[in-house]
Amino acid sequence: MSGGYLLGLIGFSMASLFALAGLVINFAAWRAARRARPGARVASGIPILPGVVGSVTLFLLIPQLKTRFGLELPWPFFWILLPLALDLQGLGGWLLALAGWARKARPDGRE
C-alpha cells in the first residue's frame, strides 16, 4: 500500500466516522428537543455538515468500489442522497417538519 492510498483510506475513514457521529449527535439533539418542556434550553446538534460530509464521501467512494473491486451498487444517487435525508439538522429535519412530525404544542401547553 503506497502513501497516497493510505492517506485516502485515512481520509475516507475520518469522513465516514464524522458523518456517522454527527448523525447520531443530531438525532440525540432532535430527540432531546422533542422531549423538552416548552421554553426549556436544549443542546443543539451540528447543522447540515454531517449529511454533506457523508454525501461527499459516498460520492467519491462509489466509483472506487466499481473500478477497484467490481462492486456495482444499485441506485447510486439514492445512496449519495441518503445521508442528507437522514440528517435531522438539515434536509431530513425539513422533510420531517413538512410531514408533520415536528413538535406541536397543545393548547394546554403540553406536547
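These numbers come from a predicted model, not from an experiment.

(A) Seen up close, the environment of Glu-72. Within the fold, Glu-72 resides in the loop between helix H2 (49–69) and helix H3 (76–86). For the pair Glu-72 and Ile-62, spaced 10 residues apart in sequence, the C-alpha separation works out to 8.3 Å.

(B) View of the packing of aromatic side chains. Within the structure shown, the criterion is met by three aromatic pairs. Consider the rings of Trp-75 and Phe-78, whose centres lie 6.3 Å apart with planes at 80°: the pair is edge-to-face. Three or more aromatic residues link up through ring pairs in this structure, and these residues are Trp-75, Phe-78 and Trp-79.

(C) Structural context of H2. Spanning 21 residues, H2 covers 29 Å between terminal C-alpha atoms, matching the ideal 30 Å at 1.5 Å per step. Among all positions in H2, only Pro-50, Gly-51, Gly-54, Ser-55, Thr-57 and Ile-62 are buried. Just beyond H2, the residue with positive phi is Gly-70, at close to 75°.

(D) Highlighting the pattern of salt bridges. In the structure shown here, the tally under the stated rule is one salt bridge. Its salt-bridge partner being Lys-66, residue Glu-72 comes within 3.5 Å of it at the nearest N-O pair. Using a relative accessible area of 58% as the deciding quantity, one classes Glu-72 as exposed. According to the relative accessible area criterion, Lys-66 is partly exposed, its value standing at 47%.

(E) Structural context of unusual backbone geometry. With a phi angle near 65°, Ile-48 is a residue other than glycine that sits in the positive phi range. In this model, Trp-75 sits at a positive phi of 55°, which is unusual for a non-glycine residue.

(F) Up close: the side chain of Thr-57. Mapped onto the elements of the fold, Thr-57 is located in helix H2. Beyond its immediate stretch of four places on either side in the chain, Thr-57 contacts Phe-12, Ala-15 and Ser-16.

(G) Region of the structure containing the packing of helix H1 (residues 3–35) against H2. Viewed as axis vectors pointing N to C, H1 and H2 meet at an angle of 140°, and their least axial separation amounts to 9 Å. Here H1 is positioned oblique relative to H2, judged by the angle of their axes. Between H1 and H2 the crossing geometry is left-handed. Residues Tyr-5, Phe-12, Ala-15, Ser-16, Phe-18, Ala-19, Gly-22, Leu-23 and Asn-26 of H1 touch H2, and the partners they reach there are Leu-49, Pro-50, Val-53, Gly-54, Thr-57, Leu-60, Leu-61 and Arg-68. Considering only residue class, the contact of H1 with H2 consists of 11 nonpolar, five polar and one charged.

(H) A look at the confidence of the model for the protein. Per-residue pLDDT for the protein has a mean of 84; in total, 89% of the residues score no lower than 70. Within the protein, helix H4 (residues 91–99) has the poorest average pLDDT of any element, 82, and H3 the best, 90.

(I) Region of interest: the packing of H2 against H3. Their axes nearest at 6 Å, the elements H2 and H3 cross at an angle of 160°. Here H2 lies roughly antiparallel to H3, going by the angle between them. As H2 runs across H3, the sense of the crossing is right-handed. For the pair H2 and H3, the contacting residues are Gly-51, Val-52, Gly-54, Ser-55, Leu-58, Phe-59 and Ile-62 in the first and Pro-76, Trp-79, Ile-80, Leu-81, Pro-83 and Leu-84 in the second. For the contact of H2 with H3, the per-class residue count stands at 10 nonpolar, three polar and no charged.

So, how was this worked out
- Residues numbered from 1 in each chain as written.
- Predicted model: local features only at pLDDT ≥ 70, side-chain atom pairs only at ≥ 80, totals over all residues.
- Heavy atoms only, no water.
- Helix = DSSP H or I, 4+ residues; strand = E, 2+ residues; numbered from the N terminus.
- Phe/Tyr/Trp six-rings, centres within 6.5 Å; stacked < 30°, edge-to-face > 60°.
- Expected span 1.5 Å × (residues − 1).
- Buried < 20%, exposed > 50% of the residue type's maximum accessible area, 1.4 Å probe, protein only.
- Salt bridge = Lys/Arg side-chain N within 4 Å of Asp/Glu carboxyl O.
- Contact = heavy atoms within 4.5 Å.
- Axes fitted to C-alpha atoms, helices over the stretch in contact; angles between N-to-C directions.
- Parallel < 35°, antiparallel > 145°, perpendicular 65-115°, else oblique.
- Left-handed = near helix turned anticlockwise from the far one by under 90°.
- Nonpolar A, V, L, I, M, F, W, Y, C, P; charged D, E, K, R; others polar.
- pLDDT = per-residue confidence, 0-100.

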